[in-house]
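Tertiary structure, described
As a plain string of letters, each chain reads:
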Amino acid sequence: MTTTAPAAAKVPAALRRQRRRRNLRTLAFLSPWLIGFSVFFAYPLGATVYYSFTRYDLINAPVWVGLRNWNYVLNDYPPLWQALRNTLWLVAVMVTLRVIFGLGLGMLAIRLKRGGGLFRTLSYLPYLAPPVAATIGFAFLLNPGTGPVNHLLGNVGMPQPGWFNDPDWSKPALTLLALWGIGDLLVIFTASLLDVPREQYEAAELDGVGPWQRFRYVTWPAITPVVLFAVVTGVIQTMQYYTQAMVAGKVASGIIGNSGQSFEPGYPQGTTLTLPQLVYEEGFSTFNTGAACVISLLLFVIAMAFTFLLLRRRSGLLDDD
């Protein structure tokens, strides 16, 4: 009895040491991600929450003011709601059209018997263009007075919109710019369409299933995860939409570069104003960092809400299946 009791007591201790070593080894493998998550996400998010309750101008020490910044942004800051409407419009229209056109181009690319590689290359090249250069080029092409697009439309007797100079056409013009650089979605949709088993198509054709039914019952279930990925990433990117809208407004208004002229974002008439532009204006133009942090948190919450709803919708579809 005296010899077996110490041996029995050593077994749990050995197991605890083994479990501790395993946990430390797992933590060591996770440490690069944990450090990156802490430095580039957790700390900035926590600092943003803290600064949203302070008066801070990036120079002097922050002063706690409670809910004053939140009350100012939500109740006494009219540009917020206009920027929110514009941003949600871009999310609803731009993301939807990009997914539809990207999927259509992908289906066309895999069906081309000749020149498929050239078609994919030419369709992907616009995506490689720097956003500023692409926006400046589009602004000159769509110039209502001297642009070749309106010149061609006039030659065929069609209306000539004001594009970036017209409040009714400014956001559709930005959408056209986004559709022009659709190469990223073309690549991922082409890859997903090529992964659909050909046997399913052949079986559907033998059963006399039409093209629409083949797409609905064969293609769509196979590519749904990729479509969800495209929609979620598109929503997040569009919620951060800044460069193209700002550059297009500057070019259309005649203010190009740092010429010392003042420029109010959203030209024309605030129709291209987005939430990220407000964050920059409040944070680095007026140095109202507290209000900028409030807008950033609203942007973060809206993006997370969209992502959550989309993922819930996807899980609901899977449960129904």
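Scanning the chain from terminus to terminus reveals 13 helices and two strands. Against the compact-globule benchmark of 20 Å for 321 residues, the chain has a radius of gyration of 27 Å, which places it well outside the compact range. Taken along the three principal axes of its C-alpha coordinates, the chain extends 105 × 75 × 35 Å. In the chain, buried positions account for 36% of the 321 residues. Across the chain, contacts joining residues at least 24 apart in sequence account for 67% of those joining residues at least 6 apart.

Now for helix α4 (residues 116-128). When the terminal C-alpha atoms of α4 are compared, their 19 Å separation across 13 residues agrees well with the 18 Å that a helix rising 1.5 Å per residue should span. Buried residues in α4 make contact with α7 (170-180) and α8 (183-194).

A separate point is the pattern of salt bridges. Throughout the structure, instances matching the rule amount to one salt bridge. A salt bridge links Asp 184 to Arg 98; its shortest N-O distance comes to 3.0 Å. Of the two residues, Asp 184 is situated in helix α8 and Arg 98 in helix α3 (residues 79-111); the sequence distance between them amounts to 86 residues.

Here we take up the packing of α3 against helix α10 (residues 211-239). Two numbers describe how α3 lies on α10: the axes approach to 10 Å, and their chain directions differ by 140°. In this view, α3 runs oblique relative to α10, as classed from their interaxial angle. Seen along the crossing, α3 lies across α10 with a hand that is right-handed. For the pair α3 and α10, the contacting residues are Thr 87, Leu 90, Val 91, Met 94, Val 95, Val 99, Leu 103 and Met 107 in the first and Phe 215, Trp 220, Ile 223, Val 227, Ala 230, Val 231, Gly 234, Val 235, Thr 238 and Met 239 in the second. Here the residues of the contact of α3 with α10 sort into 15 nonpolar, three polar and no charged.

Let's shift gears to the nonpolar core. It is characteristic of soluble globular proteins that their nonpolar side chains tend to be buried jointly. Residues Val 99, Phe 189, Leu 275, Leu 278 and Ile 295 are the most contacted members of the largest nonpolar core, which totals 38 residues. Contributions of two or more residues to this core are made by α2 (68-75), α3, α8, α9 (198-206), α10, α12 (275-285) and α13 (289-320). With eight residues, the top contributor of residues to this core is α10. Membership of the second largest hydrophobic core comes to 19 residues, among which are Leu 142, Val 247, Val 251 and Ala 252.

Here the focus is the layout of surface pockets. Computed from the structure, the largest pocket encloses a volume of approximately 580 Å³. If you trace the largest pocket, you find 26 residues lining it, with Arg 98, Tyr 127, Gly 181, Gln 237 and Gln 244 closest to the centre. Listing elements by their share of the lining of the largest pocket, those giving two or more residues are α3, α4, α5 (131-141), α7, α8, α10 and α11 (243-253). Of the residues contributing to the lining of the largest pocket, the split by class is 17 nonpolar, seven polar and two charged. Size it by volume and the second largest pocket reaches roughly 350 Å³.

Looking now at the side chain of Thr 224. Mapped onto the secondary structure, Thr 224 falls in helix α10. The exposure class assigned to Thr 224 is buried, which follows from its relative accessible area of 9%.

Another aspect to go through is a nonpolar patch on the surface. A contiguous nonpolar patch, built from Leu 24, Leu 27, Leu 30, Trp 33, Leu 34, Phe 37, Phe 41, Phe 300, Val 301 and Met 304 and spanning about 940 Å² of accessible area, is present on the exposed surface. Counting residues per element, the ones that place at least two in the nonpolar patch are α1 (4-51) and α13. Top contributing element to the nonpolar patch by residue count: α1, with seven residues.

What counts and what doesn't
Residues numbered from 1 in each chain as written. Predicted model: local features only at pLDDT ≥ 70, side-chain atom pairs only at ≥ 80, totals over all residues. Heavy atoms only, no water. Helix = DSSP H or I, 4+ residues; strand = E, 2+ residues; numbered from the N terminus. Rg over C-alpha atoms; globule rule 2.2 N^0.38 Å. Buried < 20%, exposed > 50% of the residue type's maximum accessible area, 1.4 Å probe, protein only. Contact = heavy atoms within 4.5 Å. Expected span 1.5 Å × (residues − 1). Salt bridge = Lys/Arg side-chain N within 4 Å of Asp/Glu carboxyl O. Axes fitted to C-alpha atoms, helices over the stretch in contact; angles between N-to-C directions. Parallel < 35°, antiparallel > 145°, perpendicular 65-115°, else oblique. Left-handed = near helix turned anticlockwise from the far one by under 90°. Nonpolar A, V, L, I, M, F, W, Y, C, P; charged D, E, K, R; others polar. Core = buried A, V, L, I, M, F, W, Y, C linked by side-chain atoms within 4.5 Å. 1 Å grid on protein atoms, 1.4 Å probe; cavity = no way out; pocket = protein on both sides within 12 Å on 5 of 7 lines; lining within 4 Å. Points joined across faces, edges and corners; volume = space filled by probe spheres on them. Patch = residues over 30% accessible without salt bridge, like charges linked within 9 Å, V, L, I, M, F, W, Y side chains within 5 Å. Areas by Shrake-Rupley, 256 points an atom, 1.4 Å probe, with all protein chains shown as cover.

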